[in-house]
Amino acid sequence: MQKHSIDPLRFIPFRKNDVIEMCLSTGDLDQEQRQKFRQMASMIQKLFHISFQTRLESLKDSFSKINPDSDTIKVDLPSTMHHDDPAFIKQLESLLDKANYEKITEQTLKQALCHDSLVKVRLHVDFSDFAEVLLFARGERETEETVSSFFGLRKTKVRFVNYDRVAIYIRFNEQIDSKRQKEFNLQPGGMVLKLFKNVPKADLEMLFPNTEIKMRLVDKLLIGVPAVISGGIVLTTKLGASILLLASLFAFWLGLKSQPVELDQAALVVIFAGFGAVGSYLWKQFNNFKNRKLRFIQTLTQHLYFKNLDNNAGVFHRLIDAAEEEECKEAFFAYYFLLQANTPLNRQELDQKIERWLSEKWQQKVDFDITDALEKLEALELIEIINDQRLVALPLDAAQKVLLKAWQQLGAQSIS
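Notes on the nonpolar core
(1) Moving on: Of all hydrophobic cores here, the largest spans 44 residues; its most connected members are F37, F333, Y335 and L350.
(2) Moving on: Listed by contribution, the elements that provide at least two residues to this core are α1 (16-24), α2 (31-63), α9 (313-339), α10 (347-362), α11 (370-379), β9 (390-393) and α12 (396-408).
(3) Moving on: When residues in this core are grouped by element, the largest group, nine residues, is from α9.
(4) Moving on: Leave out the neighbours within four places in its chain, and F37 touches I20, L24, L29, F332, Y335, Y336 and L396.

Considering a nonpolar patch on the surface
(1) Moving on: Together, I50, L404 and W407 line one region of the surface with nonpolar side chains, adding up to about 260 Å² of accessible area.
(2) Moving on: The residue W407 is located in helix α12 in this model.

Let's talk about α12
(1) Moving on: Taking 1.5 Å per residue as the helical rise, α12 with its 13 residues ought to reach 18 Å, and the 18 Å between its terminal C-alpha atoms agrees with that figure.
(2) Moving on: Among all positions in α12, only L396, A399, Q400 and L403 are buried. An end-on view of α12 places all buried positions within 100 degrees of arc, on one side of the element. Facing away from the buried side of α12, by more than 90 degrees, are the exposed residues K401, K405 and Q408.
(3) Moving on: Residues of α12 that are buried sit in contact with α2 and α9.

Section: unusual backbone geometry
(1) Moving on: Unusually for a residue other than glycine, N198 sits at a positive phi of about 50 degrees.
(2) Moving on: Assignment of secondary structure puts N198 in strand β5 (residues 191-200).
(3) Moving on: Its identity is not glycine, yet N312 carries a phi of approximately 50 degrees, on the positive side.
(4) Moving on: Note on placement: N312 falls in the loop between β7 (308-311) and α9.

What about the pairing of β9?
(1) Moving on: The two faces of β9 differ: L391 and A393 on one face are buried, but R390 and V392 on the other face are not.
(2) Moving on: Summarising the sheet, strand β8 (residues 383-386) and β9 pair through four bridges and their orientation is antiparallel. Each bridged residue has a counterpart across the sheet, and for I383 the counterpart in β9 is A393.
(3) Moving on: What sits between β8 and β9 in their antiparallel hairpin is a turn of three residues, with D388 showing a positive phi close to 60 degrees.

A look at the packing of aromatic side chains
(1) Moving on: Considering all chains together, one arrives at 17 aromatic pairs under this definition.
(2) Moving on: Ring geometry for F37 and Y336: centres 5.3 Å apart, planes at 75 degrees, overall edge-to-face. With F37 in helix α2 and Y336 in helix α9, this pair connects stretches of sequence that are 299 residues apart.
(3) Moving on: On the accessibility criterion, F37 (0% relative accessible area) is buried.
(4) Moving on: Relative to W357, the ring of F337 has its centre 5.2 Å away and its plane inclined at 65 degrees; by these criteria the two rings are edge-to-face. Pair noted here: F337 is in helix α9 and W357 is in helix α10, with a separation of 20 residues, a long-range link.

Brief notes about the packing of α1 against α9
(1) Moving on: At a closest axis distance of 9 Å, the pairing of α1 and α9 adopts a crossing angle of 10 degrees. Here α1 lies roughly parallel to α9, going by the angle between them. The residues of α9 that touch α1, namely those facing K16, V19, I20, M22, C23 and L24, are E325, C328, K329, F332, F333 and Y336.
(2) Moving on: Its residues assigned to classes, the contact of α1 with α9 shows nine nonpolar, no polar and three charged.

Topic: the side chain of E326
(1) Moving on: With respect to the helices and strands, the residue E326 is situated in helix α9.
(2) Moving on: Polar contacts involving the side chain of E326 include one to the side chain of N100, which spans 2.7 Å.
(3) Moving on: The contact partners of E326, leaving out residues within four places of it in the chain, are R10, F11, I12, K98, A99, N100 and R138.

What about the environment of Q91?
(1) Moving on: Positionally, Q91 belongs in helix α3 (residues 88-98).
(2) Moving on: Given the relative accessible area of 12%, Q91 is considered buried.
(3) Moving on: The spatial distance from the C-alpha of Q91 to the C-alpha of L59 is 6.8 Å, given a sequence separation of 32 residues.

Cut-off values and rules
Residues numbered from 1 in each chain as written. Predicted model: local features only at pLDDT ≥ 70, side-chain atom pairs only at ≥ 80, totals over all residues. Heavy atoms only, no water. Core = buried A, V, L, I, M, F, W, Y, C linked by side-chain atoms within 4.5 Å. Buried < 20%, exposed > 50% of the residue type's maximum accessible area, 1.4 Å probe, protein only. Helix = DSSP H or I, 4+ residues; strand = E, 2+ residues; numbered from the N terminus. Contact = heavy atoms within 4.5 Å. Patch = residues over 30% accessible without salt bridge, like charges linked within 9 Å, V, L, I, M, F, W, Y side chains within 5 Å. Areas by Shrake-Rupley, 256 points an atom, 1.4 Å probe, with all protein chains shown as cover. Salt bridge = Lys/Arg side-chain N within 4 Å of Asp/Glu carboxyl O. Expected span 1.5 Å × (residues − 1). Arc of directions from axis to C-beta. Pairing = 2+ DSSP bridges. Phe/Tyr/Trp six-rings, centres within 6.5 Å; stacked < 30°, edge-to-face > 60°. Axes fitted to C-alpha atoms, helices over the stretch in contact; angles between N-to-C directions. Parallel < 35°, antiparallel > 145°, perpendicular 65-115°, else oblique. Nonpolar A, V, L, I, M, F, W, Y, C, P; charged D, E, K, R; others polar. Polar contact = N/O pair within 3.5 Å; in protein donor to acceptor, adjacent residues only side chain to side chain.

None of the figures reported here should be taken as evidence of function without further support.
The structure is reproduced here in structure tokens:
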């Protein structure tokens, strides 16, 4: 089985409360210091929470203009009462970045479209229906799954790259063919925002709202080969007498045969019986094709049903929570490893120390976002920069005083 090379990602696959206890499990702090660290971490969480609630309100205001699920009435206000909010898509991209999602490039998407789907169907997406498409993923890992083939007689283990989370934003074109609008329920100029879980990299195309199911070559052979064989049998057994009778009749009409053909009741019964058998056979093959396609649609629908986490406004509510978690975890790690360091560390040394500890102690390869982590600690005034750009953490007592002051001045400035 082919193994896939996966680069470490920024996402930290632990809960923020677990991160606190993971740090304290090193035993570098005494009982009193551990309690102070937990208190300090709690204060950081509260400050970040308020900051992200402000971001959430801004997102809700921007999204209200395009929300397809809105249940409130839009009110036209005087121009003086409008706020110049950033575009929703820019806010969304910023939030996804804070939640440590990685953008899926056009090249990655093209590769997914070229590979066989794990759900054993051939999928096609018409991108001309879309004005804008954004795909973001988080938690990329290699997974193994047993796949059945040859009607369940053969089982094969397949290794593939799986995304733990995939967020997709689509804005439809203003002009979409009316037939496609009805077929796929597409709203010209509308949008969809969805969040999925456990999506194989090779199955990204199944997330699009206009995905069409096509018959693979193997599916055509499974229907076509038996159809040809049984069709030949039908033609020779059921239609043979009818064809001979019609051939004799046409030969007489064309002057190729002098003996007339008598079309009595028995001859007509033979002709209609033959063509009725052929018609029934063709209808049966058509139904076989439709039933196989329906089974494919059912398979696709079941996969999407169990993989869908949230839609539209619900997505960024969930993303706000994820981003808040990631911001806290990064701040906890950076502060703790500076706090327990014997000597001041520079940016690179701190980054390598955290990544090595996560890899060796917890078997998780993470591309720790040291820049974002230190920016938060600097904003909170929890670290000091000394000669040669080396960093030291503020002692726990001093850190608590600084955070208490920030809590009292809450709302004066953004932390993140």
